[in-house]
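Structural overview
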Amino acid sequence: MKKLVLSAIASALVVACAGAPQSGSAGLTLKHDSEYVIDGKIYGLPEAKVYREDYNGPAVVGDYLTMAPNLAKLDYEGNKEHEVRMDVFSQKVEVAPGVSYNAWTFGGSVPGPVLHVREGDRVVFKMKNRSDEEVVITEPFKGQSPYLSQIQASELQKHEAVIAPMPHSMDFHSGTVAAEDKWRTIAPGETIEFEWIANYAGTYMYHCGTSSVLMHTAMGQYGAVVVSPKEGYPTDAEVDQEYVIVQSEMYLSQMGDSYIYDHGAALARDPSHVVFNGHVSSLSENPLRADEGDRVRIHFLNGGPSGTSSFHVIGAIFDQVWAEGDPRNTWYGMQTVLLGASSSATIEFIVPEEGIYKLVDHEFADAERGAAGALIAGPRKAK
């Protein structure tokens, strides 16, 4: 009898708690009935929602979204729930002087916006497939995200709205979810909404996961999520400048006065351009800046879709490198960081002297295709 009473009490407690947010281990807050905690990480997020909405507002919404090489500062303590929108649509963009193509984009640029969150943060994500619309991103509006302000100030890609109806999806490597649910493909006019938790620190790729994934990624649908460690990096107090670089390949063939995607070249891994942050001149016309003696941190992502990257800064040695951006994966004194497609590293170096420091893919065939830039260092300043 006593066992039956205790069992009934336990069952009542479970039912009473089921409908309310709960605190998991390590003080984590569970938002949905389906969620649970293992090793301090939240899993079991609710099913994605797909619906149609009458929305033609800002294509990008979120306070911690920027245009590479910029990274938003995390100006909050602890963990936060982020509401993020990145609509998908086509834009004509320039990737080299005189070379433009009709890119498929997240938010309008190639690569897409950089999202910065902290380990343990929750992201509530929305994406409308607006590929059947002309979406203009160069007109400012009140209260816009930092990303849109930065893209409007940049003239490098020369954005033009175009229409290219196509099914699309979103695959966040930073999310731990059921891919067939959250990363599902949606048709033009549909919106998908889902949540994910930044369970692991690091720098992660996102991309369209709709077949052909090679084509969708090479057409411009990729970007970076930087998940800062909950306890930070050991050098946080010493870092003077912090940047994001995304390397990628483009496979374009000339057709008359325009350029189009070449799937045969993509399958053969024969890129027409290999670029940092979407343009062969992105880090030469707008070089990174620092001063002599500064500690510079770069979150570097090789977006591929297929090639490797051997990132090197001419005249510097990488003081510390965290593979995939995880502070548990530490390397020291590296000259070059080798990264496969979708791999990343968080890299730090000391600027030894005033001068110009070339940033290159040390696979020089790729550097000559455009994977090169510069950091310009000014005179040493008193700390």
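Above this note sits the structure.
Everything quoted here is computed from the prediction, not taken from an experiment.

**Some details on the overall build of the protein**
The secondary structure content of the protein amounts to six helices and 30 strands. The dimensions of the protein, computed from C-alpha atoms along their principal axes, are 80 × 50 × 45 Å. Here the protein, with 383 residues, has 53% of them falling under the buried criterion. Within the protein, residue pairs in contact and separated by at least 24 positions form 73% of the contacts whose partners lie at least 6 positions apart. Accessible surface computed for the protein: about 16800 Å², of which carbon and sulfur atoms make up 52%. Of note, the protein has its 30 positive side-chain charges centred 6 Å away from the centre of its 50 negative side-chain charges.

**Re the environment of A153**
With respect to the helices and strands, the residue A153 is situated in helix α2 (residues 146–153). Exposure remark for A153: the relative accessible area of 64% places this residue in the exposed category. Taking the C-alpha atoms as reference, A153 lies 33 Å from Y200; in sequence the two are 47 residues apart.

**A closer look at the sheet that holds strand β14 (residues 171–172)**
Strand order in the open sheet formed by five strands is β7-β11-β17-β16-β14, and the pairing between neighbours is mixed. Looking at which strands have only one partner, the edges of the open sheet turn out to be β7 (65–66) and β14. Where β7 lies against strand β11 (residues 114–118), two bridges are found, and the strand directions are antiparallel. Its bridge partner lying in β11, L65 is registered against L115.

**Some thoughts on the sheet that holds strand β30 (residues 372–378)**
If you walk across this open sheet you meet the five strands as β22-β30-β29-β24-β27, and the pairing is mixed. The sheet is open, and its two borders are formed by β22 (288–291) and β27 (337–339), each paired with just one other strand. For this sheet the average axis-to-axis angle between neighbouring strands, irrespective of direction, equals 20 degrees.

**Things to note about the pairing of strand β17 (residues 222–228)**
The buried count for β17 comes to seven of seven residues, which makes it a mostly enclosed element. Going residue by residue along β17, you find Y222, A224, V226 and S228 tucked away on one face and G223, V225 and V227 tucked away on the opposite face as well. When β11 meets β17, the two strands line up parallel, connected through four bridges. The residue of β17 that forms the bridge with H116 is V226.

**With respect to the side chain of D291**
Inspection of the secondary structure assignment puts D291 in strand β22. Not counting chain neighbours up to four residues away, the residues in contact with D291 comprise V351, A377, G378, P379 and K381.

**Regarding unusual backbone geometry**
Of note, the amide linkage connecting V110 to P111 takes the cis form, showing an omega dihedral of -5 degrees. By the secondary structure assignment, P111 is in the loop between β10 (99–106) and β11. Backbone geometry places E324, a non-glycine residue, at a positive phi of 60 degrees. Within the element layout of this structure, E324 appears in the loop between β25 (318–323) and β26 (330–334).

**Observations concerning the packing of aromatic side chains**
The description of an aromatic ring pair rests on the distance of the ring centres and on the angle between the ring planes. Applying the stated criterion to the full structure yields 16 aromatic pairs. Ring centres of F311 and F318 lie 6.0 Å apart, and the angle between their planes is 10 degrees; this geometry places the pair in the stacked category. Directly above the ring of Y55 sits R85, whose terminal nitrogen or CZ lies 3.7 Å from the centroid. The ring of Y76 carries R118 above its face, with NZ or CZ at 4.8 Å from the centroid.

**With respect to the pattern of salt bridges**
The full count for this structure, using the stated rule, is 24 salt bridges. Put simply, K128 and E133 hold a salt bridge, and the shortest N to O gap is 3.7 Å. Close ionic contact of E242 with R297 constitutes a salt bridge, the shortest N to O distance being 3.4 Å. Here R297 lies in strand β23 (residues 295–302) and E242 lies in strand β18 (residues 241–250), a separation of 55 residues in the sequence. E242 gets classed as partly exposed once you look at its relative accessible area, which sits at 29%. Each of the salt bridges in this network shares a partner with another, and the network as a whole consists of D236, E238, E242, R295, R297, D319 and E348.

**Overview of the pairing of β26**
Two faces, one strand: in a regular strand the side chains alternate between the faces of the sheet. The pairing of β25 with β26 spans four bridges and is classified as antiparallel. Directly across from V321, in β26, lies its bridge partner W331. Counted between consecutive antiparallel strands, the loop separating β25 from β26 contains six residues, among which E324 sits at a positive phi close to 60 degrees.

**A short note on α2**
Within α2 the residues assigned to the buried category are Y147, L148 and I151. One side of α2 holds all its buried residues, which, seen down the axis, span an arc of 95 degrees.

**Points about the nonpolar core**
Counting 37 residues, the largest nonpolar core has F125, M170, F172, F194 and W196 as its most contacted members. Going through the elements one at a time, β8 (81–86), β9 (88–96), β11, β12 (122–128), α2, β15 (190–197), β16 (202–207) and β17 are the ones with two or more residues in this core. Top contributing element to this core by residue count: β15, with four residues. Among all residues touching M170, those that are not within four sequence positions of it are M86, F106, F125, M127, K182, W183, F194, Y206 and H207. Formed by 30 residues, the second largest nonpolar core is a distinct cluster that contains V93, V99, W104 and V226.

Calculation criteria
Residues numbered from 1 in each chain as written. Predicted model: local features only at pLDDT ≥ 70, side-chain atom pairs only at ≥ 80, totals over all residues. Heavy atoms only, no water. Helix = DSSP H or I, 4+ residues; strand = E, 2+ residues; numbered from the N terminus. Buried < 20%, exposed > 50% of the residue type's maximum accessible area, 1.4 Å probe, protein only. Contact = heavy atoms within 4.5 Å. Areas by Shrake-Rupley, 256 points an atom, 1.4 Å probe, with all protein chains shown as cover. Lys, Arg positive; Asp, Glu negative; His and termini not counted. Charge placed at Lys NZ, Arg CZ, Asp CG, Glu CD. Pairing = 2+ DSSP bridges. Axes fitted to C-alpha atoms, helices over the stretch in contact; angles between N-to-C directions. Phe/Tyr/Trp six-rings, centres within 6.5 Å; stacked < 30°, edge-to-face > 60°. Lys NZ or Arg CZ within 6 Å of the ring centre and 35° of its normal. Salt bridge = Lys/Arg side-chain N within 4 Å of Asp/Glu carboxyl O. Arc of directions from axis to C-beta. Core = buried A, V, L, I, M, F, W, Y, C linked by side-chain atoms within 4.5 Å.

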